[in-house]
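Spelled out from the first residue to the last, the chains are:
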Amino acid sequence: MSEPTTEQVGDVFDTELGGAAAGGACVGRAPGGRVVFVRHGVPGEKVAVRVTSVTKHFLRADVETVHEASPDRVEAPCPYAGPGLCGGCDWQHVTLARQRAMKAALITEHLRRIAGIDRQVVVEPVRGPDDRPDDGLGWRTRIQLAVSHDGRPGLRKHRSHDLQIVDRCLIASPGVEQVGAEQARWFAAASVEVAATADGTQRVVDVQRGGRGRPRVPDVDAGAVVDGLPVRAPHGLRHQAGGRSFEVWAGGFWQVHVGLADLLARLVLEALAPQPGERALDLYAGVGLFAALIGEAVGPEGHVLAVESDKRACADAARNTADLPQVSVRTASVEPGLLARSAVDLVSLIVLDPPRAGAGLEVTAALAALRPRVLAYVSCEPASFARDAKVLLTAGWSLTSLRAFDAYPMTEHVELLGVFTPP
């Protein structure tokens, strides 16, 4: 039975911050003992917090005053990072080293609590294609801007539909910032997604209609697509990874960190070690990154089935693997029935890169029944990864390798690559 709520929105009280929690906050306690999730703090600090929301079971709050600061607290580089401002970055006020330690602790906790795994991880930095400093800035090749009624772009405030109008985003890559989207007016638009290649040589905006009339695309340094219709070339981007080129239509998914796609391409190939003639499944295949590289490795005598539910992504995947007849692209949801039918093909290799919700219990159980030689699981959410890992481990599989990457600096998010082998 939960404690009666005594604190109200706007109340201020002192607390000592414990470890980081999922969502980017630190855990504290209200005077009556209720759990409070506090943003803009660092574990170990003594702070005064202001309550921002009250639920039946816990409170949310922002740091109001720091009484005893952590040695890992720094001045946030972005003027829009802080209580009541942009909600995009959780930890700009924390050193990168401590950010990575906090992420590692979160991963360890999820694995222990959900999967029963006692495993320590080190969160590794992800380098970009050039020699830029490892400062946690300039890494994001895609940003989503919301647009106000008068055409001004901005970023959402934390847990709010309210906009923080910005003139630039410090975690956006130089290619994204070259577009100049934050300085433009986007009349009749609801949102603008700005994307660029890792080297910044190609840029495109994906504009969604917000009201009556067709949005007017301002004179920005990028191609443009409006409500899915091409307006100005280029209409997508040509990314490089694993020694291949991949076309992605505006608004399509590509790993957002400047260096992550190439890194994952290399590591997944190393983990699977595809051999000529082997058969593989690429689940949640997106635009065909892994399917193409595995297809090259298994050769004409092998086969790769790439499964993706998004029709536009499947069109990109088909184009990106057109030179590899051994790769088949299927537009379908990943579900147990589809995997059961795939078992007759004697699949040796499986790679999956599901959305944040993970593969799910039923799909993971179906994967366990396939008994490939090796399975590589790419995940951006430790909790769903741990849940799915438990299914495989319960079925007798082994987690032979687990690596974590700081692919989203200044936020609580992290990328995982787990390698599993059957009994």
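Just above, that's the structure.
Just so it is clear, the structure is predicted and the values come from calculations on it, not from any experiment.

On to the sheet that holds strand 18 (residues 327-331). As summarised here, the arrangement of the eight strands in space is 6-21-22-20-19-16-17-18, forming an open sheet in which the pairing is mixed. Only two strands of the sheet have a single partner each, and these edge strands are strand 6 (123-125) and strand 18. The sheet shows a mean angle of 20° between the axes of neighbouring strands, taken without regard to direction. Here five bridges tie strand 17 (residues 303-308) to strand 18, and the two strands are oriented parallel to one another. Residue pairing in the sheet places Leu305 in a bridge with Ser328 of strand 18. Packed onto the sheet, helix 4 (residues 289-298) meets strand 16 (279-283), strand 17, strand 18, strand 19 (349-352) and strand 20 (374-379) and runs at close to 170° relative to strand 17.

Once that is clear, we can look at unusual backbone geometry. The amide bond that connects Ala233 to the next residue, Pro234, takes the cis arrangement and shows omega of 0°. Position of Pro234 among the secondary structure elements: in the loop between strand 13 (229-232) and strand 14 (236-241). Phi is positive for Asp227, which is not a glycine, with a value near 50°. Tracing the sequence through the fold places Asp227 in the loop between strand 12 (223-226) and strand 13. Owing to a relative accessible area of 29%, Asp227 belongs among the partly exposed residues under this scheme. A positive phi is found at Met410, a non-glycine position, where the angle reads about 75°. With respect to the helices and strands, Met410 occurs in the loop between strand 21 (398-406) and strand 22 (415-421).

What follows is about the side chain of Arg34. If you trace the backbone, Arg34 turns up in the loop between strand 2 (26-29) and strand 3 (35-39). It turns out Arg34 is buried and unbridged, and the closest side chain with the opposite charge, Glu7, is 4.2 Å from it. Reaching out from Arg34, the side chain makes a polar contact with the backbone oxygen of Lys56 at a distance of 2.9 Å.

Rules used throughout
Residues numbered from 1 in each chain as written. Predicted model: local features only at pLDDT ≥ 70, side-chain atom pairs only at ≥ 80, totals over all residues. Heavy atoms only, no water. Pairing = 2+ DSSP bridges. Helix = DSSP H or I, 4+ residues; strand = E, 2+ residues; numbered from the N terminus. Axes fitted to C-alpha atoms, helices over the stretch in contact; angles between N-to-C directions. Contact = heavy atoms within 4.5 Å. Buried < 20%, exposed > 50% of the residue type's maximum accessible area, 1.4 Å probe, protein only. Lys, Arg positive; Asp, Glu negative; His and termini not counted. Salt bridge = Lys/Arg side-chain N within 4 Å of Asp/Glu carboxyl O. Polar contact = N/O pair within 3.5 Å; in protein donor to acceptor, adjacent residues only side chain to side chain.

Just geometry here; none of it tells us what the structure is for.
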